[in-house]
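Examination of the molecular architecture
Here is what each chain is made of, one letter per residue.
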Amino acid sequence: EIPLRLVGSEMCIRDRFKMQQYEIIEPTDAESIRRYLGSGAIKGIGESLAGRIVKRFGDDSLRIIEEEPERLAEVKGISERKAMEISDQVSEKRDLRQAMIFLQQYGITLNLAVKIYKEYGQEVYGIIQENPYRLADDISGVGFRIADEGELALLKEQVLDEVLESFYEKSNEDFTSFMEAFATAKSDRNVRGMILELFTTAQSNPWQSEWLDKLDEDYKKACESPDDSVWMQLALSDYRNSMEDVLRELQKAWNLTQEFDGPQMYAGTIKSDLELVETLCTKDTYADIVQALTELPAYARLAAARGYDGSLQKQAQVKAAREQMKDTIQKLREKIFFQSQSDLKASLCRQQPMVHVLLELVRAFTEAYDKAKRKKSLVDFSDIEHFALDILVNAKTKEPTPVAEEFRNFFEEVMIDEYQDSNYLQEAILSAVSKVQSGEPNMFMVGDVKQSIYRFRLARPELFMEKYETYTKEDSPYQKIELHKNFRSREGVLAAVNDCLLYTSPSPRDVEES
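Residues numbered from 1 in each chain as written. Predicted model: local features only at pLDDT ≥ 70, side-chain atom pairs only at ≥ 80, totals over all residues. Heavy atoms only, no water.

Our next topic: the packing of aromatic side chains. Under the criterion given, the structure shown has 13 aromatic pairs. Centroid distance phenylalanine 178 to phenylalanine 182: 5.1 Å. Interplanar angle 50°. Geometry classified as tilted. Of this pair, phenylalanine 178 and phenylalanine 182 both sit in helix 9 (residues 173-182), four residues apart, roughly one helical turn. Relative to tyrosine 468, the ring of phenylalanine 464 has its centre 6.4 Å away and its plane inclined at 15°; by these criteria the two rings are stacked. You can see phenylalanine 464 and its partner tyrosine 468 sitting in helix 20 (residues 461-470), four residues apart, about one turn around the helix. The exposure class of phenylalanine 464 is buried, given its relative accessible area of 15%. Following the ring pairs from residue to residue traces out a cluster consisting of Phe167, Tyr168 and Phe175. Against the face of phenylalanine 167 rests lysine 170, its NZ or CZ located 5.3 Å from the ring centre. Of note, lysine 480 hangs over the ring of tyrosine 468, and the distance from its end group to the ring centre comes to 4.1 Å. (Phe/Tyr/Trp six-rings, centres within 6.5 Å; stacked < 30°, edge-to-face > 60°. Helix = DSSP H or I, 4+ residues; strand = E, 2+ residues; numbered from the N terminus. Buried < 20%, exposed > 50% of the residue type's maximum accessible area, 1.4 Å probe, protein only. Lys NZ or Arg CZ within 6 Å of the ring centre and 35° of its normal.)

So, in structure tokens, the structure goes:
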């Protein structure tokens, strides 16, 4: 009884068609109105009567039925009473059609939409917009479950198969170049890994689609002006930090050569190394760095250590500082600053179409993967995080929603443990329910950036470092307190825990006997 438009049908066995997708529409022209009225949806109207109504009123038939039902009596076979009955039925069906169209935008199937409308009627609009989770309690068939990692891994592989197959079918020059560059003749596993890695990283950002678009745009800008690109700023920052680390270690090595039991025979070489690194530290453009690393003079040799009777540990430390210098410079020269600026720009421009293809693959995978999960009523941890963000922050304006405002007023404090493990998505969620954005900071964070090596759930330790570097030690709304003492290891705490364990833990004999 619901007018549909089929989208993307495919032929199946026995010459039947399988509907892949449908779209609910309003019948607007005379022919579609005639088919709708004569379909049996409206009790008392058959094909013949539907034809007479449309012949009399044309494209205006539905409006006449709904707004001027008495005029139906102008059609042979329709009394005034029957005209009103027809009008009531069409109006009722119209409300259903409009509700179906409304629910369709949320990916709700036709059958489920009918169940929802029968349950809520015209209240469905307010319920969906204000408290959609009520459907899980009220409607059979509405709900979800959290998938396990194994199930999700299999689903991702299936979706990847479908996405790559669709790109192969539409194969263009850029896609072919991308696959030739990153896949092998026997396997596309490398490509799959790239798609999944970028997809996972995107999931840890508040608005994945915008983040991917920005990557695309940033790479295009890098082609036009490499010096102004995000990539270049990161490369130069990495260079500065690396050379400063080397310089610090060489200065320590120099100090060791000046000690009475230090390797004084290395002093001249270390001084030469210091002068070289100090010169490299002055280079601050890509072109200058490439030139300096390309024209790098040969390293001075360490003097012979015959007869040395000083500290072997200090001798080893000096040698280690030199090796660190050589390794760092070699890696910078081989991995980042290995080509001229003109060659770099040419390389970026060659790669830009392939980067765009990768981002398109990630977008296609994201959309298909979301659909596959919805079809199976599955969610993962990242989905739950993004659902929470959607409830708390308006995606278009980036402003907090009324729900977020309600939580802000409810929470006196927002306390976050292991803050070094937070990512940008989690930061957005927690900021939305705190009063930080309204100038009343009530977020308290505890963490240890040294533990960020675990990279838990794509943690961004720079969130921690940004606050550590900008918050004051003095009393202020944005204050940091450095905890240098480990209170868990205080004598009183250890004694109390040991006393508890003494009476609750099994004895060695008990363990042996069990």
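In this section: the layout of surface pockets. Taken as a whole, the second largest pocket holds about 1,200 Å³ of empty space. Together, 37 residues line the second largest pocket, and Met445, Val446, Gly447, Ile481 and Leu483 are the ones closest to its centre. At the level of elements, helix 19 (424-433), strand 8 (443-445) and helix 20 are the ones that each hand at least two residues to the lining of the second largest pocket. Element by element, the count of residues in the lining of the second largest pocket is highest for helix 20, at four residues. (1 Å grid on protein atoms, 1.4 Å probe; cavity = no way out; pocket = protein on both sides within 12 Å on 5 of 7 lines; lining within 4 Å. Points joined across faces, edges and corners; volume = space filled by probe spheres on them.)

This part takes up the pattern of salt bridges. The tally for this structure, following the rule as stated, stands at 30 salt bridges. When the shortest N-O distance is used, the salt bridge between arginine 134 and aspartate 138 registers 2.9 Å. In this pair, arginine 134 and aspartate 138 both sit in helix 7 (residues 134-138), four residues apart, roughly one turn of the helix. Its salt-bridge partner being arginine 192, residue aspartate 161 comes within 2.2 Å of it at the nearest N-O pair. One end of the pair, aspartate 161, is in helix 8 (residues 149-169); the other, arginine 192, is in helix 10 (residues 189-203), with 31 residues separating them in the sequence. Linked through salt bridges whose partners overlap, the residues forming this network are Asp60, Arg63, Glu67 and Glu68. (Salt bridge = Lys/Arg side-chain N within 4 Å of Asp/Glu carboxyl O.)

You can see leucine 392 is positioned in helix 17 (residues 381-392). Residues leucine 392 and leucine 430, spaced 38 residues apart in sequence, show a C-alpha to C-alpha distance of 9.6 Å. Once residues lying within four places of it in the same chain are set aside, the contact partners of leucine 392 are Glu399, Pro400, Thr401, Val403, Ala404, Phe407, Ile429, Ala432 and Val433. (Contact = heavy atoms within 4.5 Å.)

On to the confidence of the model for the protein chain. The predicted coordinates of low-pLDDT regions are not to be read in fine detail. In this model, the protein chain carries an average pLDDT of 85, and 89% of its residues clear a pLDDT of 70 or more. Low confidence marks residues 1-24, where pLDDT is under 50. Its contacts with residues over four positions away, or in another chain, come to 48 contacts. Between residues 507-514, whose pLDDT stays under 50, and residues either more than four places distant or in other chains, the model counts one contact. (pLDDT = per-residue confidence, 0-100.)

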